[in-house]
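Working through the structure, step by step
The lines below spell out each chain.
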Amino acid sequence: MTRVGGTGISGKNPYGPTWTTGTKQAESLGKQVQDELFGKKKPRELDTDDATLTAQLVRLRAFQKKLARLAGDDEDDYAIALAEGTIAMIDARGKVYVGKRFLLTFADALDVQVGVLAHEIGHRPKRWADYKSAAPRTREDLERLCRTEETYADYFAGRALAELGLRVEPLCAFLAAVQEQPHPEYFSAALRVEVIKDGFADGRRKHELRKKMFPELAKRVSAKHDLGNG
Ligand SMILES: [Zn+2]
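These notes cover the structure that comes with them. What you are looking at is a predicted structure, and each value in this text was computed from that prediction instead of being measured.

Quick look at the coordination of the zinc ion
On the protein side, the zinc ion has H119 (NE2), H123 (NE2) and E150 (OE) as donor atoms, found 2.1 to 2.2 Å from it. The motif formed by the donor residues of the zinc ion, counted along the single chain, is H-x3-H-x26-E. Here H119, found in helix 5 (residues 110-122), pairs with E150, found in helix 6 (residues 139-163); they are 31 residues apart in sequence, far enough to count as distant.

So this is what it looks like as structure tokens:
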């Protein structure tokens, strides 16, 4: 692997982690996974200069808070930025870059927008900073870990959609459409859809149980009600 010298402000290789080099091998597994999943080149941030985009972002930020709670994190652990040339990606600090074109294309498809955001939040990138373990030995080990991590994120996305009372099918259809090519860090789209649907079934059970046992709590979590600050 060719090491690209640290020319950026952070000195981080913009083309991916350099985990095969000597110094990087000594880093914790958590840091390596963090670099691999969240250390990619960040898309350019854009200003929100029109009312439609602003309204879309406001709505998405309300869901960002609900999703953070569902993931077991604080609302402030995440932020959303409008960006260019991406669907969505999250960095190691919990900032989710949401693509402008994606946001506008799916302006009327809340299930897809929230499902994609839920996947990103489901990665819970800050958590990896505390993950202390030996470094993986091979590229394959790291890729296997990343696939597992993607699976967690997909499962969470399905569960969150159910808990919020949204539909899962639009997200599955979207995923099948965007992930046509095999990728070493992802399972196939067909398998990912299975995982998302498993998560959805799990979330629906929880949602139904909560509705029965704790109707007031269920209302607070539901997509139609604001969570407030409670
Ligand atoms: Zn992911």
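Digging into the pattern of salt bridges
All chains considered together, the criterion is met by 18 salt bridges. Where K206 meets D202, a salt bridge forms, and the shortest distance between an N and an O atom there is 3.2 Å. Separated by 4 residues within a single helix, K206 and D202 lie in helix 8 (residues 189-213), roughly one turn from each other. Among the residues examined, K206 registers a relative accessible area of 37% and is labelled partly exposed. D202 gets classed as buried once you look at its relative accessible area, which sits at 13%. One network of salt bridges, with partners in common, ties together E36, R139 and E143.

Some details on the environment of A162
Mapped onto the elements of the fold, A162 is located in helix 6. For the pair A162 and A201, spaced 39 residues apart in the sequence, the C-alpha separation amounts to 7.4 Å. Discounting residues that sit within four places of it in the chain, A162 has contacts with F200, G203, R204 and H207.

A few points about helix 2 (residues 29-38)
Since the α-helix packs 3.6 residues into each turn, any two residues three or four apart lie on the same face. Extensive coverage of helix 2 is indicated by the burial of 9 of its 10 residues. Among all positions of helix 2, only L29, G30, Q32, V33, Q34, D35, E36, L37 and F38 are buried.

Thoughts on a nonpolar patch on the surface
On the surface, a nonpolar cluster with roughly 410 Å² of combined accessible area is contributed by L209, M213, F214 and L217. Here M213 lies in helix 8.

Here's the deal with unusual backbone geometry
With the exception of glycine, the majority of residues adopt a negative phi angle, and the majority of peptide bonds are in the trans configuration. Its identity is not glycine, yet R124 carries a phi of approximately 45°, on the positive side. Considering the arrangement of structural elements, one finds R124 in the loop between helix 5 and helix 6. Owing to a relative accessible area of 22%, R124 belongs among the partly exposed residues under this scheme.

Here we look at the pairing of strand 3 (residues 95-99)
Every other side chain in a regular strand lies on the same face of the sheet, so the side chains alternate between the two faces. Counted residue by residue, strand 3 has 4 buried out of 5 residues, so it is predominantly covered. Looking at chain direction, strand 1 (residues 79-83) and strand 3 are connected through 5 bridges and run parallel. Within the sheet, the bridge partner assigned to A83 lies in strand 3 and is G99. Bridge analysis of strand 2 (residues 88-90) against strand 3 gives 3 bridges, and the strand direction is antiparallel. Within strand 3, the residue paired with I90 across the bridge is V96. Taking the residues that link successive antiparallel strands as the turn, the strand 2-strand 3 hairpin has 4 residues, and the phi of G94 there is positive, at about 90°.

Quick word on the packing of helix 5 against helix 6
Contact geometry for helix 5 and helix 6: axes closest at 7 Å, N-to-C directions at 135°. The orientation of helix 5 with respect to helix 6, classified from their angle, is oblique. As helix 5 packs across helix 6, the resulting crossing turns out to be right-handed. Residues D111, V114, G115, A118, H119, I121 and G122 of helix 5 lie in contact with helix 6, whose contacting residues are E149, E150, A153, D154, F156, A157, A160 and L161. Within the contact of helix 5 with helix 6, the residues separate by chemical class into 8 nonpolar, 3 polar and 4 charged.

Each value, and the rule that gives it
Residues numbered from 1 in each chain as written. Predicted model: local features only at pLDDT ≥ 70, side-chain atom pairs only at ≥ 80, totals over all residues. Heavy atoms only, no water. Donors = N, O, S within 2.8 Å, 3.2 Å for Na, K, Ca; no water. Helix = DSSP H or I, 4+ residues; strand = E, 2+ residues; numbered from the N terminus. Salt bridge = Lys/Arg side-chain N within 4 Å of Asp/Glu carboxyl O. Buried < 20%, exposed > 50% of the residue type's maximum accessible area, 1.4 Å probe, protein only. Contact = heavy atoms within 4.5 Å. Patch = residues over 30% accessible without salt bridge, like charges linked within 9 Å, V, L, I, M, F, W, Y side chains within 5 Å. Areas by Shrake-Rupley, 256 points an atom, 1.4 Å probe, with all protein chains shown as cover. Pairing = 2+ DSSP bridges. Axes fitted to C-alpha atoms, helices over the stretch in contact; angles between N-to-C directions. Parallel < 35°, antiparallel > 145°, perpendicular 65-115°, else oblique. Left-handed = near helix turned anticlockwise from the far one by under 90°. Nonpolar A, V, L, I, M, F, W, Y, C, P; charged D, E, K, R; others polar.

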